[in-house]
Amino acid sequence: MKRFSNFVFTAGIFFVTMLFTSCFDYVQGISYKDGQYQVYHKITMSKVLSSMQSAYGYEDFSDDAVDQFEAYKQYLPEGARINDVDTDLEEGFESRFFVSPDSTDAVGKGFLPTSKGRKIYVPLTIGKMIEPGSLEGEMDDDERAMANIFLSSAKCRVLISKKIIPSVGKAYFEGTDGNSCTLDFYDYGDSFCVEIPFVLLMEETNLRFERIVIEKGSEK
């Protein structure tokens with residue numbers, strides 16, 4: 001799967017975006033049923049931003065976002081079901097596709113977890129799209145500080161069925177320098193949810209954002 005060199009979030013635009021509560025939402029999920037993996041994505045943008053964009057001088061933001069949504073769809077496996085999301089509050093799309101464990105489709109299998117010992121590597125799609133260090137940009141110190149405040153409350157959510165990973169002991173990003181960054185995770189009943197602050201994905205760092213490492217916990 002190709003890496004997007006420039007996604008919709010450049011530093012200045014992203015700062016304005018984060019001035020609005022829940023202006024961007026990202027959900028990624030994977031489950032297993034009837035002998036197949038189901039991979040789900042939902043990416044939406046708040047319509048509040050669209051209605052306010054001209055006041056902040058970003059008239060082209062919504063059009064750019066829609067273009068990026070459309071471009072992203074081209075990276076999904078053939079046969080993926082894609083539905084546009086268009087409500088009173090948000091717009092974007094959701095996608096769902098199925099992958100057999102013995103599939104030879106390299107694109108589809110690229111969305112599936114792989115394991116090595118007690119470690120399971122879960123691909124993070126948005127981690128391949130956002131350019132690390134984009135918070136540096138052209139913002140001044142005050143703008144960057146404010147962006148960090150809003151970004152710290154904006155999170156990506158990755159849900160993993162317990163049929164795939166029955167227990168989680170730890171979730172983190174590996175670093176190319178040997179360091180790591182621990183991620184919060186929660187028990188949702190039938191699945192685990194790993195939460196990732198957007199601000200982390202946009203920092204200049206040696207972390208590998210293209211995958212989440214999960215260490216299995218002790219099963220009860």
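Residues numbered from 1 in each chain as written. Predicted model: local features only at pLDDT ≥ 70, side-chain atom pairs only at ≥ 80, totals over all residues. Heavy atoms only, no water.

## Here we look at the overall build of the protein
Then step 1. Each helix and strand in the protein was counted, giving six helices and twelve strands.
Then step 2. Within the protein, the proportion of its 220 residues that are buried is 46%.
Then step 3. The contacts of the protein with a sequence gap of at least 6 include a subset with a gap of at least 24, amounting to 71%.
Then step 4. As displayed, the protein offers around 11,500 Å² of accessible surface, 46% of which is attributable to carbon and sulfur atoms. (Helix = DSSP H or I, 4+ residues; strand = E, 2+ residues; numbered from the N terminus. Buried < 20%, exposed > 50% of the residue type's maximum accessible area, 1.4 Å probe, protein only. Contact = heavy atoms within 4.5 Å. Areas by Shrake-Rupley, 256 points an atom, 1.4 Å probe, with all protein chains shown as cover.)

## Points about the pattern of salt bridges
Then step 1. For the structure on display, the rule yields seven salt bridges.
Then step 2. For Lys 42, the salt bridge is made with Glu 90, and the minimal N-O distance between the two is 3.2 Å. Highlighted residues: Lys 42 in strand S2 (residues 36-46) and Glu 90 in strand S4 (residues 90-99), separated in sequence by 48 residues.
Then step 3. For Arg 211, the salt bridge goes to Glu 174, with nearest N and O atoms at 2.7 Å. Of this pair, Arg 211 sits in strand S12 (residues 211-215) while Glu 174 sits in strand S8 (residues 170-174), and the two are 37 residues apart along the sequence.
Then step 4. Linked by salt bridges that have partners in common, Asp 25, Lys 42, Glu 90 and Arg 157 make up one network. (Salt bridge = Lys/Arg side-chain N within 4 Å of Asp/Glu carboxyl O.)

## As for the confidence of the model for the protein
Then step 1. Considering every residue of the protein, the mean pLDDT works out to 78; 68% of them sit at 70 or more.
Then step 2. The low-confidence segment residues 1-22, where pLDDT is below 50, has 65 contacts with residues more than four positions distant or belonging to other chains. (pLDDT = per-residue confidence, 0-100.)

## Brief notes about the side chain of Ser 191
Then step 1. Relative to the assigned elements, Ser 191 resides in strand S11 (residues 191-197).
Then step 2. Residues contacting Ser 191, with those up to four places away along its chain left out, are Leu 159, Ile 160, Ser 161, Lys 162 and Tyr 186.

## Considering the sheet that holds strand S6 (residues 119-123)
Then step 1. The sheet built from five strands is open, its strands ordered S5-S6-S12-S8-S9 with antiparallel pairing. Pairing within the sheet leaves two strands with one partner each, and these edge strands are strand S5 (114-116) and strand S9 (180-182). Geometrically, the sheet is characterised by an average inter-axis angle of 30° between neighbouring strands, direction not taken into account.
Then step 2. As paired strands, S8 and S9 are joined by three bridges and run antiparallel to one another. Pairing of Phe 173 across the sheet is with Cys 181, part of S9. (Pairing = 2+ DSSP bridges. Axes fitted to C-alpha atoms, helices over the stretch in contact; angles between N-to-C directions.)

## Here's the deal with the nonpolar core
Then step 1. Core analysis: the biggest nonpolar cluster contains 41 residues, and Phe 173, Ile 196 and Ile 212 have the highest contact counts within it.
Then step 2. Top element by residues in this core is S2. It accounts for four residues.
Then step 3. Sequence-distant contacts of Ile 212, that is, excluding residues within four places in its chain, are made with Ile 120, Tyr 121, Val 122, Leu 124, Val 158, Ala 171, Tyr 172, Phe 173, Leu 183, Val 194 and Ile 196. (Core = buried A, V, L, I, M, F, W, Y, C linked by side-chain atoms within 4.5 Å.)

## Quick notes on the sheet that holds strand S1 (residues 24-33)
By definition, the strands of a sheet pair up through backbone hydrogen bonds, in either a parallel or an antiparallel sense.
Then step 1. The mixed open sheet is built from seven strands, whose spatial order is S3-S4-S2-S1-S7-S11-S10. Each end of this open sheet is capped by a strand with a single partner; those strands are strand S3 (81-86) and strand S10 (184-187). Strand-to-strand twist of the sheet, defined as the mean angle between neighbouring strand axes without regard to direction, takes the value 15°.
Then step 2. Bridge count between S2 and S4: ten bridges; the pairing is antiparallel. Across the sheet, the residue bridging to Ser 46 is Glu 90, located in S4.

## So, the packing of aromatic side chains
Then step 1. By the definition in use, this model includes four aromatic pairs.
Then step 2. Consider the rings of Tyr 32 and Tyr 37, whose centres lie 4.9 Å apart with planes at 65°: the pair is edge-to-face.
Then step 3. A relative accessible area of 28% means that Tyr 32 is categorised as partly exposed.
Then step 4. Exposure remark for Tyr 37: the relative accessible area of 19% places this residue in the buried category.
Then step 5. Between the aromatic rings of Phe 173 and Phe 209, the centroid separation amounts to 5.0 Å while the plane-to-plane angle is 80°, which identifies the pairing as edge-to-face. Separated by 36 residues along the polypeptide, Phe 173 in strand S8 and Phe 209 in the loop between helix H6 (198-201) and S12 bring together distant segments of the chain. (Phe/Tyr/Trp six-rings, centres within 6.5 Å; stacked < 30°, edge-to-face > 60°.)

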